[in-house]
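# A closer look at the structure
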Amino acid sequence: MYRAGKQHPVPTGETKDFSKIDRIIEEYNIDKIFLCSDTESTVKLFRDYYGNRLVTTNSLRQIDDSGCGIHMDKTLGRNRQKHKYLLGEEVITDMYLLAHCNVLLCGASNVAFAALIYNHNLYKKVFYCV
């Protein structure tokens, strides 16, 4: 995720600790994993590991972590009509779905923070990647 502005202090490559996720899945008896990511490489990595347990939206994503936030990437979506509107719709959909999960594992992200607020403190547990 975007690191230059320090909004996301943990680069995405450092948050892919499947052993931590596996422990959470086992402890909370989780059937499905909803993954929010703006990079295809992350979705592929998780899909390769978790298979059909993984749920994602059909959002526009960067191929790999470019170090630039998806909303700031001027090359992404340049041929997509209403690109910025659609990015907003996609991120709100992701936030809404995250807010309806039972357990949340997240980093420092405005999407995760919005999901925490919208969830009204109903998560069984929230885990932070730091």
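Reading the values: rules and limits
Residues numbered from 1 in each chain as written. Predicted model: local features only at pLDDT ≥ 70, side-chain atom pairs only at ≥ 80, totals over all residues. Heavy atoms only, no water. Pairing = 2+ DSSP bridges. Helix = DSSP H or I, 4+ residues; strand = E, 2+ residues; numbered from the N terminus. Right-handed = clockwise from strand over helix to strand, strands pointing away. Polar contact = N/O pair within 3.5 Å; in protein donor to acceptor, adjacent residues only side chain to side chain. Salt bridge = Lys/Arg side-chain N within 4 Å of Asp/Glu carboxyl O. Buried < 20%, exposed > 50% of the residue type's maximum accessible area, 1.4 Å probe, protein only. Core = buried A, V, L, I, M, F, W, Y, C linked by side-chain atoms within 4.5 Å. Phe/Tyr/Trp six-rings, centres within 6.5 Å; stacked < 30°, edge-to-face > 60°.

When a strand is regular, its side chains alternate between the sheet's two faces. Relative to strand E4 (residues 125-128), strand E3 (residues 103-106) is paired through four bridges, and the arrangement is parallel. Its bridge partner being in E4, valine 103 is matched across the sheet by lysine 125. Of the crossover connections in this fold, the one passing from E3 over helix H4 (residues 110-118) to the parallel E4 is right-handed.

The next thing to look at is H4. Between the side-chain oxygen at the start of H4 and the backbone nitrogen of valine 111 there is a gap of 3.1 Å, and the oxygen is on serine 109. Note on H4: the residue one or two positions beyond its end, histidine 120, has a positive phi of about 60°.

To continue, consider the pattern of salt bridges. Considering all chains together, one arrives at three salt bridges under this definition. Of the charged contacts in the structure, one is a salt bridge between arginine 61 and glutamate 40, with a shortest N-O distance of 4.0 Å. Taken together, the residues arginine 61 in the loop between strand E2 (54-55) and helix H3 (83-99) and glutamate 40 in helix H2 (residues 40-50) connect sequence positions 21 residues apart. Under the relative-accessibility criterion, arginine 61 is labelled buried at 8%. Glutamate 40 gets classed as partly exposed once you look at its relative accessible area, which sits at 34%.

This paragraph deals with the nonpolar core. Membership of the largest hydrophobic core comes to 13 residues, with the highest contact counts inside it found for Ile21, Ile25, Phe46 and Tyr50. Those elements that place two or more of their residues in this core are helix H1 (18-27) and H2. Phe34, Met95, Ala99 and Ala115 belong to the second-largest nonpolar core, a separate cluster that totals nine residues.

Another point: the packing of aromatic side chains. All chains considered together, the criterion is met by seven aromatic pairs. Pairing phenylalanine 18 with tyrosine 49 gives two aromatic rings, centres 4.1 Å apart and planes at 5°, and the pair type is stacked. Taken as a pair, phenylalanine 18 in helix H1 and tyrosine 49 in helix H2 lie far apart in primary sequence, 31 residues in all. Each ring, one from phenylalanine 18 and one from tyrosine 50, has its centre 5.5 Å from the other, and the planes form 75°; the classification is edge-to-face.

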